[in-house]
Amino acid sequence: MSLGTGIATGKIILMGEHSVVYGEPAIAFPFAGAKVHVTITASLTNDLTSNYYHGPLEEAPSHLKNVKELLHRLQQDHQTSPFSVSIVSTIPSERGMGSSAAVAVALTRAFFDWQHKDLKKERLLDYVDFSEKIAHGNPSGIDAAATSGNEAIYFTKGQPITSFPLTIDGFLLVADTGIKGQTRTAVKSVAHLFETQKHQTSQAISRLGSLAKTAKEAILHNQLTQLGQAMTHAHETLRQLGVSNQNLDDLVSLALANGAFGAKLTGGGRGGCMIALTQTKTQAEVISRILLSNGAHATWIQGLGAYEHV
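Since the structure is predicted, the reported quantities are computational estimates derived from the model, not experimental observations.

## Details of the domain arrangement of the protein chain
Right, on to step 1. Entries for the protein chain in the domain assignment read domain 1 (3–164) and domain 2 (170–307).
Right, on to step 2. A straight line from the C-alpha centre of domain 1 to that of domain 2 covers 24 Å.
Right, on to step 3. Domain 1 puts 29 residues into the contact, and the matching count from domain 2 is 43 residues.
Right, on to step 4. For the pair domain 1 and domain 2, the summed buried area comes to about 2,900 Å², and 68% of that belongs to carbon and sulfur atoms.

## A few points about the side chain of serine 244
Right, on to step 1. Inspection of the secondary structure puts serine 244 in the loop between helix 7 (224–240) and helix 8 (246–257).
Right, on to step 2. For serine 244, a relative accessible area of 10% gives the class buried.
Right, on to step 3. Of note is the side chain of serine 244, whose polar atom sits 2.7 Å from the side chain of aspartate 249.
Right, on to step 4. Ignoring anything within four residues of it in the chain, the contact list for serine 244 reads His235, Leu238, Arg239, Asp249, Leu265 and Arg270.

## What about the pairing of strand 1 (residues 3–15)?
Right, on to step 1. With respect to burial, strand 1 is a largely interior element, 10 of its 13 residues being buried.
Right, on to step 2. Here strand 1 runs beside strand 2 (residues 26–42); their pairing, made up of 12 bridges, is antiparallel. Its bridge partner being in strand 2, glycine 4 is matched across the sheet by isoleucine 40.

## Points about the environment of glycine 141
Right, on to step 1. Of note, glycine 141 is situated in the loop between helix 3 (121–136) and helix 4 (142–148).
Right, on to step 2. Relative accessible area serves as the criterion here: at 26%, glycine 141 is assigned to the partly exposed category.
Right, on to step 3. Here the alpha-carbon distance between glycine 141 and leucine 125, two residues 16 residues apart in the chain, equals 8.7 Å.

## Some remarks on unusual backbone geometry
Across the chain, the bulk of peptide bonds are trans and the bulk of non-glycine residues have phi less than zero.
Right, on to step 1. Not every positive phi belongs to a glycine, and histidine 18 is a case in point at roughly 70 degrees.
Right, on to step 2. Here histidine 18 shows up in the loop between strand 1 and strand 2.
Right, on to step 3. Judged by relative accessible area, histidine 18 falls into the buried class, the value being 6%.
Right, on to step 4. Phi at arginine 270 is positive, roughly 55 degrees, even though this residue is not glycine.
Right, on to step 5. Topologically, arginine 270 is positioned in the loop between strand 9 (262–266) and strand 10 (273–278).

## Thoughts on the UniProt feature "domain: GHMP kinase N-terminal" (unreviewed entry) in the protein chain
Right, on to step 1. Here the UniProt-annotated "domain: GHMP kinase N-terminal" (unreviewed entry) positions come out as residues 67–146.
Right, on to step 2. A helix fraction of 61% and a strand fraction of 9% characterise residues 67–146, whose end C-alpha atoms lie 19 Å from each other.

## Some remarks on the packing of helix 8 against helix 9 (residues 281–292)
Right, on to step 1. Taken N-terminus to C-terminus, the directions of helix 8 and helix 9 make an angle of 145 degrees; their axes are 10 Å apart at the nearest point. Here helix 8 and helix 9 pass one another in a crossing that is right-handed. Touching Leu251, Leu254 and Ala255 of helix 8 are Ile287, Ile290 and Leu291, all from helix 9.
Right, on to step 2. A per-class count over the contact of helix 8 with helix 9 returns six nonpolar, no polar and no charged.

Parameters and conventions
Residues numbered from 1 in each chain as written. Predicted model: local features only at pLDDT ≥ 70, side-chain atom pairs only at ≥ 80, totals over all residues. Heavy atoms only, no water. Domains from an automatic or database assignment. Contact = heavy atoms within 4.5 Å. Buried area = accessible area lost by both parts, 1.4 Å probe. Helix = DSSP H or I, 4+ residues; strand = E, 2+ residues; numbered from the N terminus. Buried < 20%, exposed > 50% of the residue type's maximum accessible area, 1.4 Å probe, protein only. Polar contact = N/O pair within 3.5 Å; in protein donor to acceptor, adjacent residues only side chain to side chain. Pairing = 2+ DSSP bridges. UniProt positions renumbered as here; feature names shortened; annotations may be inferred. Axes fitted to C-alpha atoms, helices over the stretch in contact; angles between N-to-C directions. Left-handed = near helix turned anticlockwise from the far one by under 90°. Nonpolar A, V, L, I, M, F, W, Y, C, P; charged D, E, K, R; others polar.

This is the structure in structure tokens:
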């Protein structure tokens, strides 16, 4: 029996949360510490097995609508027989790690593999964008680009997404607070600040944009200290904008107190994950244990300069 397989990574926003909404640059990259693995085989009926649901595809719950509609479109576009789909993911949902985009990438890759068809990047992104619009309404494209690629993404609203290599010899520790991120609420909150405290808020947004540019240069020139400092300054600015919370602040402070070069929240904020930068994997492992014993729900570690070897 023919078996199709597809894999996609999670993604991490390194810099530029919230400020990207106002035209400043953001940096994201594939995060191989968490992945989605999809398999597809022929079946008598369309069936779905995932972390959240097992049963007929037609009866999948509403929060899997993007998955159901993507599979329907793939089936219609290619006129295939019924199939059984299995989705295994270690990417936590609603944590700013690109879970829905990664699932769409892995599903599309598995489907084309099952059909023994070549899948060009543009066609892959078209299917992922279709799924992401169902999941999020008006996606930026960052998640789709990051979860389907293997380089860092540099993105400014209204401009083409560009990629650049991760050429910095460090390790990134990601820690999950265990609390769902509140991206939409946080975005609305920053928008309200723009109305009520326009000058201060504009300065903060501009500062975040400048720090994102600094971070890109630090990565390209292998400057770990400068990247860490930019990350920590960005967290402080995001905290001033009200998009952090006590859990994130506590984990950031702990990471910095235990030798991290820099630390900050990642994603929409008010929950979700934080990231910390270290020079060695051993340092990341030490900080990981400390964060896990102080409230972190889960942690992942990824080498940055060595991404292609992960």
